[in-house]
Structure formats: structure tokens, C-alpha cells
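# Examination of the molecular architecture
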Amino acid sequence: MDFANLFFLLLLLSLTPFPHRRHHPLTLAGADTTLIETTCKTTKHYDLCLSSLKSNTTSSTADVKGLALIMIGIGTANATSTSSYLTSQLPAAAASTTATKAVLKECADKYTYAGGALQGAVDDVGMEEYDYASMHVMAAADYPSACHNAFRRYSGLLVYPPELGRREDGLRRICDVVLGIIDLLINVGGNK
């Protein structure tokens, strides 16, 4: 058999569908609406998951692992934005009490740590170390609680700002979504 015929035969075989070559539907590259919806149904906050992923143009070509990374990126952006917001409030707090400045600084640091924990989750997901990724995401979700507790230490003196409460809730909900997607990865790919 000459080279041209061998090449043609190999090409034909590679295009022939074989049942054993089917992939699990949750790990197919090229996330369509069905994959996004199926993935989001495994999370606590379906609507948040769905709207976040559908609004991200890269989700249309992502697999489940990619969808997890997109949501982690959204969480990181939330944490970074909140840290920046708190840092921007420090100059106005200079005229306020020392306690106000200290708490705002502590909270900005906590949200920076949350962003760092989410970056750790990105690395873990990339290495398919999903248990470690879950731990990083849980830590990221917990850092805002430490901020809230800092305000509680000065109850009567300081009031927890409603804007900060909305941001805290937003990050916690995003982390819940990420944890749901990571659980799906663990169940599909095995616990690593």
C-alpha cells in the first residue's frame, strides 16, 4: 500500500464515529447553553451562575473546568474591586476615628486575601487538585466574614455599611457557585 492510500485510510478511520470515542457530555469542549445550564443546575445559585457564564464570551468555548475558572475569575474581580473600594474609603476615614481607619484597612486586606485564595484555586483547578481548590474557595468566602466581625468589635461605634454587605453577599454567592462546579468536577473526574 502506498503512502497516499495509507493516509486516506487513516483519515477515513479518524472521521468514522466509534461508540467508545464518545466523551462524557459534561467534559466536552465547546460549552453550549445546555452545558452551562446543566453545570449551573449543580450550584446553589442557578440564576447567578447562568447569567454570569452567559455574559462571559469565553464560556461558549469552555468545558466544565473552564466554566469553573471563569466563575473563579468573576469572584477574583469581586474581591479585588471590594478591596479597592475599601482602600478608596480610607482618605475619607482619615477625618474619622482611628477605629474606622483600622477596620477599613483590615477589611481591604481581607478582600485582598480572598482574591489571593481564589488565585490559589485557579492554580489548583489547573492541576486538577479539586479538593485543594475547594479549600481555597471556602477560605475566599470566609474572609468577608472576618471583615464583618471587625465592624462588630466596634458595635455602637461603627455601622457595617450596606454597600459592603452587598459585596460580601455577592462574593459568598459567587464562591457557592464555584464550589458547586468544583463538586461536579470531582464527581465526573474523580476526587483528587
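The sections below set out a description of the structure shown in this document. (Residues numbered from 1 in each chain as written. Predicted model: local features only at pLDDT ≥ 70, side-chain atom pairs only at ≥ 80, totals over all residues. Heavy atoms only, no water.)

## Looking at the state of the cysteines
Enumeration over the complete set of coordinates arrives at 2 disulfides. Going through the chain in sequence order and numbering each bonded cysteine, the pairs you get are 1-2, 3-4. (Disulfide = S-S within 2.5 Å.)

## Let's talk about the environment of Val 159
By the element assignment, Val 159 lies in the loop between α6 (130–152) and α7 (162–189). Considered as a pair, Val 159 and His 148 are 11 residues apart in the sequence and their alpha carbons are 9.9 Å apart. (Helix = DSSP H or I, 4+ residues; strand = E, 2+ residues; numbered from the N terminus.)

## What about unusual backbone geometry?
One non-glycine residue, Glu 128, adopts positive backbone phi at about 60°. Assignment of secondary structure puts Glu 128 in the loop between α5 (98–126) and α6. What makes Glu 128 partly exposed here is its relative accessible area of 30%. (Buried < 20%, exposed > 50% of the residue type's maximum accessible area, 1.4 Å probe, protein only.)

## Comments concerning a nonpolar patch on the surface
A cluster of nonpolar side chains, contributed by Tyr 132, Met 135 and Met 138, occupies part of the molecular surface with about 330 Å² of accessible area. As for its placement among the helices and strands, Met 138 is situated in helix α6. (Patch = residues over 30% accessible without salt bridge, like charges linked within 9 Å, V, L, I, M, F, W, Y side chains within 5 Å. Areas by Shrake-Rupley, 256 points an atom, 1.4 Å probe, with all protein chains shown as cover. Salt bridge = Lys/Arg side-chain N within 4 Å of Asp/Glu carboxyl O.)

## Structural notes on the environment of Cys 147
Here Cys 147 lies in helix α6. According to the relative accessible area criterion, Cys 147 is buried, its value standing at 0%. The spacing of Cys 147 and Tyr 111 is 36 residues in sequence and 8.3 Å in space, taken between C-alpha atoms. If near-sequence neighbours (up to four positions away) are discounted, Cys 147 is found in contact with Cys 107, Lys 110, Tyr 111, Tyr 160 and Leu 164. (Contact = heavy atoms within 4.5 Å.)

## Remarks on the pattern of salt bridges
Applying the stated criterion to the full structure yields 7 salt bridges. Between Asp 109 and Lys 105 there is a salt bridge, with its nearest N and O atoms 2.9 Å apart. Pair noted here: Asp 109 and Lys 105 are both in helix α5, with a separation of 4 residues, about one helical turn.

## Points about the nonpolar core
Judged by nonpolar contacts, the single largest core of 49 residues is most densely connected at Leu 53, Val 137, Phe 151 and Ile 182. A per-element tally of this core places α7 first, with 12 residues. (Core = buried A, V, L, I, M, F, W, Y, C linked by side-chain atoms within 4.5 Å.)

## Considerations on the packing of aromatic side chains
Within the structure shown, the criterion is met by 2 aromatic pairs. Here the aromatic rings of Tyr 113 and Tyr 143 are separated by 5.7 Å at their centres, their planes lie at 55°, and the arrangement is tilted. With a gap of 30 residues between them, Tyr 113 in helix α5 and Tyr 143 in helix α6 connect regions that are remote in the sequence. What makes Tyr 113 partly exposed here is its relative accessible area of 42%. A centroid spacing of 5.3 Å and a plane angle of 80° characterise the contact between Phe 151 and Tyr 160, whose relative ring orientation is edge-to-face. (Phe/Tyr/Trp six-rings, centres within 6.5 Å; stacked < 30°, edge-to-face > 60°.)

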